[in-house]
Amino acid sequence: MKDDRYEIRFGGSGGQGIILAAVIFAEAAVYEGYHVCQTQSYGPEARGGKSKAEVIISQSEIDYPKVIKMDLFLAMNQAALDAYFFDFKPNGILISDATFVEQLPTSRAFVLPFTRIARDDLGKEIVANIVALGAVGRLCDKVSMPALEKAVSAKVPAKFRELNVEALRAGAKAADTVDVSLLPRSIVSDEEAEV
Amino acid sequence: MSGGYEGKENVVNIEQSENRLVLQGNEAIVEGALASGCRFFAGYPITPASEIAELMSFKLPAVGGSFIQMEDEIASMGAIIGASLAGVKSLTATSGPGFSLMQENLGFACVAEVPCVVVNVMRGGPSTGLPTSPSQGDVMQARWGTHGDHPIIVLAVSSVRDCFEITVHAFNLSEKYRVPVILLSDEVVAHTREDIILPELKNLEVVERIRPSVPPEWYIPYEDNSRGVPAMADIGSGYRHHVTGLIHDAKGFPTQRSDEIDAFTRRQFRKITNGFCEIQMTKSLMMDDAEIAVIAYGAVSRSALRAIRIARERGVKAGLLQLITLFPFPKKAVDPVLRQCRAVLVPEMNMGQIIREVKRVNLSSKVVKYSRVDGQFITPDEIFEQLLAMYM
Amino acid sequence: MDEKFAGLRHDYLRHDKKFPHVWCPGCGNGIVLGALIRAIDRLELEKDELVLASGIGCAGRMPVYVDFNTLHTTHGRALTFATGIKLAKPELNVITVMGDGDATAIGGNHFIHAARRNLDLTAIIINNQIYGMTGGQYSPTTPYGAIASTAMHGHIEHAFSIAELAITAGASFVARGTVYHAAMLDTLLAKGIAKTGFSVIEVMSNCHTQYGRKNQMGDPVTMMKWFKENGVSKEKAARLSEEEMAGKFTIGVLADVDKPNYIEEYEKIREKAGAV
């Protein structure tokens, strides 16, 4: 089956802006001409608890709207990482927030200090999700920075636009310090992969 | 393809258009309703349908319409019937518990033949159930929930684009046949955001109820005609008449005469039967050479589509019949699938509701049930496994 | 009966099918209907612009007899339908007629919220203190100690006072009349219909068939006497002690306040939303 389906999951705690990050990513992907499908699941509480959002992008119309096998997983804390790591592709990429994640379940992972960057460099911890989104955008290589910036600008109130665009760029810059090609090719061994 | 629904095969050219938006299913229902000319909404907050009320409260006043949050769903249903009687296309939206409350006045809309659209975003039940989980448990309630013998139209949506297009169909059918139309969505479709290009209004077919062409003194509010759908006068337009929940004669007055009661009941069914060809909408995919098939509706049909694509990759000749219209049950589309295929799978997020209708079409066919009732969405893999077992 | 009212009957009643009516001989509903017609005539309202909506019960059968835009809805829900009609066509004059069980038991929630919302509707509530059509079961206004077919040993619940409930819930205009004080009833109905905002007119009425017979008032005349003796004006009530007022009720206009109604307020919302 010719299928360019690319699947991203965003995990964190309620109130961390996980769903907003996914919505912005989906919007940016539409600017890039993709079909998108964005879903989320959450408990009844407005704040706290675990929160999960997913985005599927594809050149063709999307049938199943949820993640089948993740190409990319952004985990903003350890609880979300542990809870939502299932369905990870052998050659997927895990991006996690160094501030709240200590143990990694895969070696195809990057740990970047999103919350620290938001807090210390930008002075607003609340934009950690957008910092992470900048890194996701850069590492997945599916949407351009201008598309992400346009999407962020469309989704946040005018007076926070500058801060959020700055956050996006800070995240992308952090992502530039790592190299996807240096990761192990797949978390499944070569022998296994050949079977 | 059968019925009036122009479904398209999967790959389309992605257009870069100013109208290309990312909308949630619930938001697309609002856009569909407004595009259909809906100018009245009454509702009561409930998960997972509340976004429809919220967006309506914001958008309706800007187009000269009215929004009101009522004290409960009984009142919401009463208010939309009132507004529709006054000539304004009306919508309400709810989920299971609220849908149960609406059944009373839904019956009034049936008996008085008042066009209106009721969205039920299905969640797990019974009772308070699972407010944030998807389900398809209300299918038979949509058909039979209000008491008494009555026909009704029930449509199911599977995507954001459906939410727009099928909402327009819902209003059109409701206006054309003077029946309430139930639009079944579910938590998955309601909260999924997808890209959608909204058609320009001028390209959209919007149907209006037929109003009387005779002068008021000649008007007979429930007079039969070839279509079985009487002309409908707006309250306050000079055509003073009586509207009642009692079984009534052609003038709209309560009757106990058996000949009038019989004529009334039979006309209700006849008007829908007359429209079967256009009302019964389905979409078939990869059915041409299919040896086994999935019959699905709502969000599950998307898992099913994925599953038959996986199946085809593995050489399994599987096809999909997606039901847009659940009631009146699209027998004409289901029958050939049952004849063509050696087995048919009906996956549902309930213990088996629409499967009963499928089986009734042809009792000698092999119809396999697949139920998921744990508050989770059925995945493509689950359906594929079933298909594989059926194919062997 | 003067000639003028005989003429009114022909002007306002439907003559194409629906008589004789369903009410018992001597029923107060006919008096309320007569008062309603006289009030409408006095206000010189156009029949095309009038909507009369009812719920279920004996009172619910009233609309079918009159030549307005009429609606006979489900039990307790008349106000919900009326709300939809009024919002869709604010230029219409929308009147509902309900019974005591209809308006304050099954429809009680709609009633208090309609009063709170202050949409420009008129609610006529015919209070005969019983469920008449279904056979004399106790209603929310059946007095403590009374006999009903579901309270054969005496009623142990306490009655709602409908007019006071309406005032507390926020209605703009509240009045109480009786079918004995028929001339006053014309005036109360006319005032209520003319009032912009939510108006309630509670009408004490006789169900001698289901209520009276079980409670030593088995004919219309006895019940009329009861209304005559127990309905006291607001002014007179103010002079009476609590003991003297026991078992009596006030009649006349009980509340008349001006406040913004829902339609006016919603127009402002439309302006804010940028309606053209």
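Since the structure is predicted, the reported quantities are computational estimates derived from the model, not experimental observations.

### Here's the deal with the interface of chain B and chain C
Consideration 1: Listed by partner, the interface residues are 43 residues for chain B and 41 residues for chain C.
Consideration 2: Taken together, the links from chain B to chain C amount to 4 salt bridges.
Consideration 3: Between chain B and chain C we count 20 residue pairs in polar contact (both at pLDDT 80 or more) in total.
Consideration 4: Elements that contribute at least two residues to the side of chain B that touches chain C include exactly β3 (66-69), α3 (73-85), α4 (96-111) and β10 (242-244) of chain B.
Consideration 5: Sort the elements by how many residues they give to the side of chain B that touches chain C and α3 of chain B lands first, with 8 residues.
Consideration 6: Residue classes in the side of chain B that touches chain C are distributed as 21 nonpolar, 14 polar and 8 charged.
Consideration 7: In this structure, β10 of chain B lies alongside strand β2 (residues 69-72) of chain C, joined through 3 bridges in parallel fashion.

### Things to note about the side chain of Ser133 of chain B
Consideration 1: Looking at the element boundaries, Ser133 of chain B is found in strand β6 (residues 130-134).
Consideration 2: Not counting chain neighbours up to four residues away, the residues in contact with Ser133 of chain B comprise Met122, Arg123, Gly124, Glu187 and Gly375 of chain B.

### Observations concerning the environment of Ile19 of chain A
Residues and elements named next belong to chain A.
Consideration 1: Along the chain, Ile19 turns up in helix α1 (residues 18-31).
Consideration 2: Taking relative accessible area as the criterion, Ile19 reaches 22% and is therefore assigned partly exposed.
Consideration 3: Spatially, the C-alpha atom of Ile19 lies 9.1 Å from that of Ser41, the residues being 22 residues apart in sequence.

### Looking at the domain arrangement of chain B
Residues and elements named next belong to chain B.
Consideration 1: According to the domain assignment, chain B consists of domain 1 (20-203), domain 2 (216-277) and domain 3 (281-391).
Consideration 2: The straight-line distance from the C-alpha centre of domain 1 to that of domain 2 is 25 Å.
Consideration 3: If you look at the interface, domain 1 gives 20 residues, while domain 2 gives 24 residues.
Consideration 4: With both sides pooled, the region where domain 1 packs onto domain 2 buries about 1,700 Å², and carbon together with sulfur makes up 66% of that total.
Consideration 5: Taken together, domain 1 and domain 2 are joined by 2 salt bridges.
Consideration 6: A salt bridge links Lys271 to Glu113; the nearest nitrogen and oxygen atoms lie 2.8 Å apart.
Consideration 7: At the junction of domain 1 with domain 2, the criterion picks out 10 residue pairs in polar contact (both at pLDDT 80 or more).
Consideration 8: Put simply, the parts of the chain that give the side of domain 1 that touches domain 2 at least two residues each are α3, α4 and α6 (160-177).
Consideration 9: Among the elements that take part in the side of domain 1 that touches domain 2, α4 stands out by supplying 3 residues, more than any other.

### With respect to the packing of helix α10 (residues 300-313) of chain B against helix α13 (residues 380-391) of chain B
Any two packed helices are characterised by the angle at which their axes cross and by the distance between the axes.
Residues and elements named next belong to chain B.
Consideration 1: Their axes nearest at 8 Å, the elements α10 and α13 cross at an angle of 55 degrees. One way to sum up the angle between α10 and α13 is to call them oblique. For the pair α10 and α13, the sense of crossing is right-handed. Across from Val300, Ser303, Ala304, Arg306, Ala307, Ile308, Ile310 and Ala311 in α10, the residues of α13 making contact are Pro380, Asp381, Ile383, Phe384 and Leu387.
Consideration 2: The class makeup of the residues in the contact of α10 with α13 is 10 nonpolar, 1 polar and 2 charged.

### So, the sheet that holds strand β7 (residues 231-233) of chain C
Consideration 1: A sheet is described by the order of its strands in space; here 9 strands give the open sequence β10(B)-β2(C)-β1(C)-β3(C)-β4(C)-β6(C)-β5(C)-β8(C)-β7(C), paired in mixed fashion. Only two strands of the sheet have a single partner each, and these edge strands are β10 of chain B together with β7 of chain C. Direction aside, the axes of adjacent strands within the sheet are offset by 20 degrees on average.
Consideration 2: Pairing analysis gives 5 bridges linking strand β3 (residues 93-99) of chain C to strand β4 (residues 122-127) of chain C, with the strands arranged parallel. Note on β4 of chain C: the bridge partner recorded for Ile95 of chain C is Thr122 of chain C.
Consideration 3: Across the sheet, helix α3 (residues 78-88) of chain C is in contact with β1 (50-54), β2, β3 and β4 of chain C; its angle to β3 of chain C comes to roughly 175 degrees.

### Topic: the sheet that holds strand β12 (residues 292-297) of chain B
Residue and element names in this part refer to chain B.
Consideration 1: Read across the sheet, 5 strands follow the order β11-β13-β12-β15-β16 without closing on themselves; strand pairing throughout is mixed. Two strands lie at the open edges of the sheet, namely β11 (282-285) and β16 (367-371), each paired on one side alone. The sheet shows a mean angle of 20 degrees between the axes of neighbouring strands, direction not considered.
Consideration 2: Note that β12 and strand β13 (residues 318-323) share 6 bridges and pair parallel.

### Quick word on the interface of chain A and chain B
Consideration 1: At the junction of the two partners, chain A supplies 28 residues and chain B supplies 27 residues.
Consideration 2: Taking both sides of the interface into account, the surface hidden between chain A and chain B amounts to around 2,400 Å²; carbon and sulfur atoms contribute 52%.
Consideration 3: Counting across the interface, chain A meets chain B through 3 salt bridges.
Consideration 4: Notably, a salt bridge pairs Glu61 of chain A with Arg161 of chain B, separated by 3.6 Å at the nearest N-O pair.

### Observations regarding the packing of aromatic side chains
Consideration 1: Evaluated as defined, the whole model comprises 13 aromatic pairs over all chains.
Consideration 2: With a centroid separation of 5.5 Å and an interplanar angle of 10 degrees, the aromatic rings of Tyr64 of chain A and Phe377 of chain B are classed as stacked. In this pair, Tyr64 of chain A is assigned in the loop between β3 (50-58) and β4 (70-75) and Phe377 of chain B in the loop between β16 and α13, connecting two distinct chains. For the residue pair Tyr64 of chain A and Phe377 of chain B, the accessibility class agrees, reading buried in each case.
Consideration 3: Arranged with centres 5.3 Å apart and planes meeting at 85 degrees, the rings of Tyr219 of chain B and Tyr239 of chain B form a pair that is edge-to-face. Of this pair, Tyr219 of chain B sits in the loop between β9 (193-197) and β10 while Tyr239 of chain B sits in the loop between β9 and β10; the two residues are 20 residues apart in sequence, bridging distant segments of the chain. Judged on exposure class, the residue Tyr219 of chain B and its partner Tyr239 of chain B are both buried.
Consideration 4: Put simply, the rings of Phe19, Trp23 and Tyr65 of chain C touch in pairs and so form one group of aromatic residues.
Consideration 5: Above the plane of the ring of Tyr391 of chain B lies Arg342 of chain B, whose end atom (NZ or CZ) is 4.8 Å from the centre.

### Topic: the pattern of salt bridges
Consideration 1: Using the criterion set out here, one finds 50 salt bridges over all chains in the structure.
Consideration 2: Of the charged contacts in the structure, one is a salt bridge between Asp195 of chain B and Arg20 of chain B, with a shortest N-O distance of 3.1 Å. Note that Asp195 of chain B is positioned in strand β9 and Arg20 of chain B in strand β1 (residues 20-24), a separation of 175 residues in sequence.
Consideration 3: Of the charged contacts in the structure, one is a salt bridge between Glu200 of chain B and Lys202 of chain B, with a shortest N-O distance of 3.1 Å.
Consideration 4: Residue Glu200 of chain B is classed as partly exposed on the basis of its relative accessible area of 42%.
Consideration 5: On the accessibility criterion, Lys202 of chain B (67% relative accessible area) is exposed.
Consideration 6: Residues participating in the shared-partner salt-bridge network are Arg5, Glu7 and Asp63 of chain A together with Arg306 and Arg309 of chain B.

Conventions adopted
- Residues numbered from 1 in each chain as written.
- Chains lettered and ligands numbered in written order.
- Predicted model: local features only at pLDDT ≥ 70, side-chain atom pairs only at ≥ 80, totals over all residues.
- Heavy atoms only, no water.
- Contact = heavy atoms within 4.5 Å.
- Salt bridge = Lys/Arg side-chain N within 4 Å of Asp/Glu carboxyl O.
- Polar contact = N/O pair within 3.5 Å; in protein donor to acceptor, adjacent residues only side chain to side chain.
- Helix = DSSP H or I, 4+ residues; strand = E, 2+ residues; numbered from the N terminus.
- Nonpolar A, V, L, I, M, F, W, Y, C, P; charged D, E, K, R; others polar.
- Pairing = 2+ DSSP bridges.
- Buried < 20%, exposed > 50% of the residue type's maximum accessible area, 1.4 Å probe, protein only.
- Domains from an automatic or database assignment.
- Buried area = accessible area lost by both parts, 1.4 Å probe.
- Axes fitted to C-alpha atoms, helices over the stretch in contact; angles between N-to-C directions.
- Parallel < 35°, antiparallel > 145°, perpendicular 65-115°, else oblique.
- Left-handed = near helix turned anticlockwise from the far one by under 90°.
- Phe/Tyr/Trp six-rings, centres within 6.5 Å; stacked < 30°, edge-to-face > 60°.
- Lys NZ or Arg CZ within 6 Å of the ring centre and 35° of its normal.

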